[in-house]
Amino acid sequence: MSEEKIDTSDLFAVRKAKLADLRAAGEDPFANNWEQAHTSAEALAQLQEDAEEGPEVSCAGRVIAMRKMGKAGFARILDRAGTLQVYFKRDVVGDAAHDFFKKRLDLGDFIGVRGPLFRTSTGETTVRVKEFRMVSKALRPLPEKWHGLHDEDTIFRQRYLDLIANADSRKVFQTRSAIISCIRRFLDSEGFLEVETPILQSEAGGAAARPFETFFNALDCPFYLRIALELYLKRLLVGGFDRVYEIGRNFRNEGLSRRHNPEFTMLEVYQAYSDYRGMMRLVREMVRRICDEVLGTETITRFDGVEIGLGGEWREVRYKDLVTQYTNEPEWFGLSREEKLKWCDQHDIEVKPDAEDFEVTNAVFEKRVEPTLVQPTFVTHLPKELIPLAKLSPDDPDTVEVFELCINGQEIAPAYSEQNDPLVQREQLERQAGEEVQNIDEEFLLALEHGMPPAGGMGIGIDRLVILLTGVSSIRDVILFPSLKPLPRAGAEEAPGEGGA
């Protein structure tokens, strides 16, 4: 039977039999530890460029390739830093160890190796193994063609296989971690205090979104997974913490798409005695710091080859100007709701028939204007109905002092001059809530009545930022374990998404 036709469950049984044989021989293939003195990258750096021999190293990793030849053989191991070639020779490791390598070692097993470095005839730095040990037996084989795993269901549902198989995927998640670390260093250097606020909240506030609801047994009342970080962070401004930020998960019980996952990561930052223009400075400097420290370039390339420049000055334009330019209707904001709906119908823009006037305009912006904003653009002065937590613009009371930073055709970061007048804030929240006044966060308004300094506030979708900076095409490519519908329950012998050896 060819390797491609071997059933996974058969291979599982074969490997379990090997495990039983090892244990019967008194060997434990699940070691407690191995001295991983060097990562693969550190080991490779030990051999000087012009040297043929190098010092002894001790490494460990998963076997992802093997080539067995008579009295010698090669394997390649994968660890967190990359891959490393190792060389087994019978007269160096001994007969027993060499037989183990040839007959009992499988792809996917974890081994520890110790030995000196040398350069092969092809010029590759390699470990000449003096000592090795299996430290963990893999009972399931790696997927077919592990070096090119493409099945999306397997990639997202069994991310561990994707991380083994796809170097590009590992790089994306390593870059994501580096981006978040860089953001923390930047904000810390600017005098911001990192805090944590509740995920379970009695009122789901700070954004207009459908929450996930749960029940708090000890308190005998419903609670919600937070949809935003905002209202608790502003309480801290009231308490005297002038610069605060939080990086945490939000949850919105809404749709799934290439740009949306119900569980996502947000950065929110608030700075007293600042405003939305102070947030412009902050986000520009933050992104440029990431470009310098993590990416090493201010020009990024999308998955489709389009280049985006993050250096230089970023465009600034008012929301109203973008809409009137796109519609070619200079008096758009003077048109009736019915006239706007008719225009949308003529231009194949889907809008709910009962949408309010500002919602009709925003449908034009989100569906037709925003996707064109590929280069960094601050869209300012949005309609007040869209953002009830922001201050009114002094020169246009129909708008608020905000910006939406749009890059790559999507919103990356909204920011406001925060509303700190408790009476105006109550009025705006009641207008947004309509008759559902019970959904207003009275505890937040109580805090505001004690006095909050003027402040600028900003939110950044970490997932969208990582999409932008890594050039991938979907939010699922930057979330390790995206939301998926569970598969029908299967037996242990029939794990989903596996290929052959």
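Just so we're clear, the structure is a prediction, and the values are computed from it rather than from any experiment.

Asker: What is the right way to read the overall build of the protein chain from this model?
Answerer: Assigned secondary structure in the protein chain consists of 15 helices and 20 strands. Summarising its shape, the C-alpha atoms of the protein chain cover approximately 85 × 55 × 50 Å along the three principal directions. Looking at the protein chain as a whole, 48% of its 501 residues qualify as buried. The contacts in the protein chain between residues at least 6 apart in sequence include a share of 65% that link residues at least 24 apart. By element, 49% of the accessible surface of the protein chain is carried by carbon and sulfur atoms, the whole surface being about 24,800 Å².

Asker: Please explain the pairing of strand E11 (residues 243-251) as it appears in this structure.
Answerer: Residues in a regular strand project their side chains so that they alternate between the two faces of the sheet. Counting buried positions along E11 yields 7 of 9 residues, so the element is predominantly enclosed. Sheet topology note: the strand E7 (residues 193-194)/E11 ladder contains 2 bridges and is parallel. Bridged to glutamate 194 within E11 is tyrosine 245. Bridge count for E11 against strand E12 (residues 263-272) is 9 bridges, and the pairing is antiparallel. Across the sheet, the residue bridging to glutamate 246 is glutamate 268, located in E12.

Asker: Would you mind going over a nonpolar patch on the surface with me for this structure?
Answerer: There is a patch of nonpolar side chains on the surface, built from Leu200, Phe216 and Leu219 and spanning about 250 Å² of accessible area. Note on placement: phenylalanine 216 falls in strand E9 (residues 213-216).

Asker: Which parts of the structure should I look at to understand helix H7 (residues 167-189)?
Answerer: An α-helical turn contains 3.6 residues, so any two residues separated by three or four positions project in the same direction. For H7, which comprises 23 residues, the first-to-last C-alpha distance of 33 Å matches the rise-based estimate of 33 Å (1.5 Å per residue) to within 8%. Within H7, burial applies to Ser169, Val172, Phe173, Thr175, Arg176, Ile179, Ile180, Cys182, Ile183, Phe186 and Leu187. Elements that come into contact with the buried residues of H7 comprise helix H6 (159-165), E11, E12, helix H9 (276-295) and helix H15 (462-470). Immediately beyond the C-terminal end of H7, within one or two residues, lies glycine 191, with a positive phi of roughly 85 degrees.

Asker: Looking at this model, I keep getting lost on the packing of aromatic side chains. Mind explaining?
Answerer: Aromatic rings considered in pairs are described by the distance between their centres and by the relative angle of their planes. Scanning the model with the defined rule gives 11 aromatic pairs in all. Consider the rings of phenylalanine 74 and tyrosine 87, whose centres lie 4.9 Å apart with planes at 40 degrees: the pair is tilted. Here phenylalanine 74 is found in strand E2 (residues 72-79), whereas its partner tyrosine 87 is found in strand E3 (residues 82-89), with 13 residues between them in sequence. Both residues of the pair, phenylalanine 74 and tyrosine 87, belong to the buried class. The ring of phenylalanine 333 has lysine 320 lying over it, and the distance from NZ or CZ to the ring centre is 5.4 Å.

Asker: Can you walk me through the side chain of asparagine 261 in this structure?
Answerer: When you line up the elements, asparagine 261 lands in the loop between E11 and E12. We classify asparagine 261 as buried; its relative accessible area is 6%. One polar contact links the side chain of asparagine 261 to the main-chain amide nitrogen of serine 483, over a distance of 3.2 Å. Contact partners of asparagine 261, with chain neighbours within four places excluded, come to Leu256, Ile475, Ile479, Pro482 and Ser483.

Asker: Before we go on, may I ask you to explain the sheet that holds E9 in this structure?
Answerer: Within a sheet, neighbouring strands are paired by backbone hydrogen bonds and run either parallel or antiparallel to one another. One open sheet holds the 3 strands; their spatial order is E8-E10-E9, and the pairing between them is antiparallel. Looking at which strands have only one partner, the edges of the open sheet turn out to be strand E8 (200-201) and E9. Both E8 and strand E10 (residues 221-225) contribute to a ladder of 2 bridges, which runs antiparallel. In the strand pairing of E10, leucine 200 is matched with leucine 225.

Asker: What's the story with the pattern of salt bridges in this structure? I'm lost.
Answerer: Oppositely charged side chains can form a pair if their charged atoms are brought close together. Summed over the entire model, instances satisfying the criterion amount to 34 salt bridges. Ionic pairing is found between arginine 184 and glutamate 194, a salt bridge with its closest N-O pair at 2.9 Å. Here arginine 184, found in helix H7, pairs with glutamate 194, found in strand E7; they are 10 residues apart in sequence, far enough to count as distant. A relative accessible area of 29% means that arginine 184 is categorised as partly exposed. Its salt-bridge partner being aspartate 396, residue lysine 320 comes within 2.9 Å of it at the nearest N-O pair. Here lysine 320, found in helix H10 (residues 319-327), pairs with aspartate 396, found in strand E18 (residues 396-407); they are 76 residues apart in sequence, far enough to count as distant. Using a relative accessible area of 26% as the deciding quantity, one classes lysine 320 as partly exposed. Connected through salt bridges with shared partners, the residues Arg15, Lys18, Asp106, Asp109 and Lys137 form a single ionic network.

Asker: Can you walk me through the side chain of glutamate 404 in this structure?
Answerer: For glutamate 404, the position within the fold is in strand E18. Buried within the structure, glutamate 404 lacks any salt-bridge partner; arginine 464 is the closest side chain of opposite charge, at an N-O distance of 8.2 Å. Not counting chain neighbours up to four residues away, the residues in contact with glutamate 404 comprise Phe365, Glu370, Thr377, Phe378, Val379, Leu382, Glu411, Ala413 and Pro414.

What counts as what
Residues numbered from 1 in each chain as written. Predicted model: local features only at pLDDT ≥ 70, side-chain atom pairs only at ≥ 80, totals over all residues. Heavy atoms only, no water. Helix = DSSP H or I, 4+ residues; strand = E, 2+ residues; numbered from the N terminus. Buried < 20%, exposed > 50% of the residue type's maximum accessible area, 1.4 Å probe, protein only. Contact = heavy atoms within 4.5 Å. Areas by Shrake-Rupley, 256 points an atom, 1.4 Å probe, with all protein chains shown as cover. Pairing = 2+ DSSP bridges. Patch = residues over 30% accessible without salt bridge, like charges linked within 9 Å, V, L, I, M, F, W, Y side chains within 5 Å. Salt bridge = Lys/Arg side-chain N within 4 Å of Asp/Glu carboxyl O. Expected span 1.5 Å × (residues − 1). Phe/Tyr/Trp six-rings, centres within 6.5 Å; stacked < 30°, edge-to-face > 60°. Lys NZ or Arg CZ within 6 Å of the ring centre and 35° of its normal. Polar contact = N/O pair within 3.5 Å; in protein donor to acceptor, adjacent residues only side chain to side chain. Lys, Arg positive; Asp, Glu negative; His and termini not counted.

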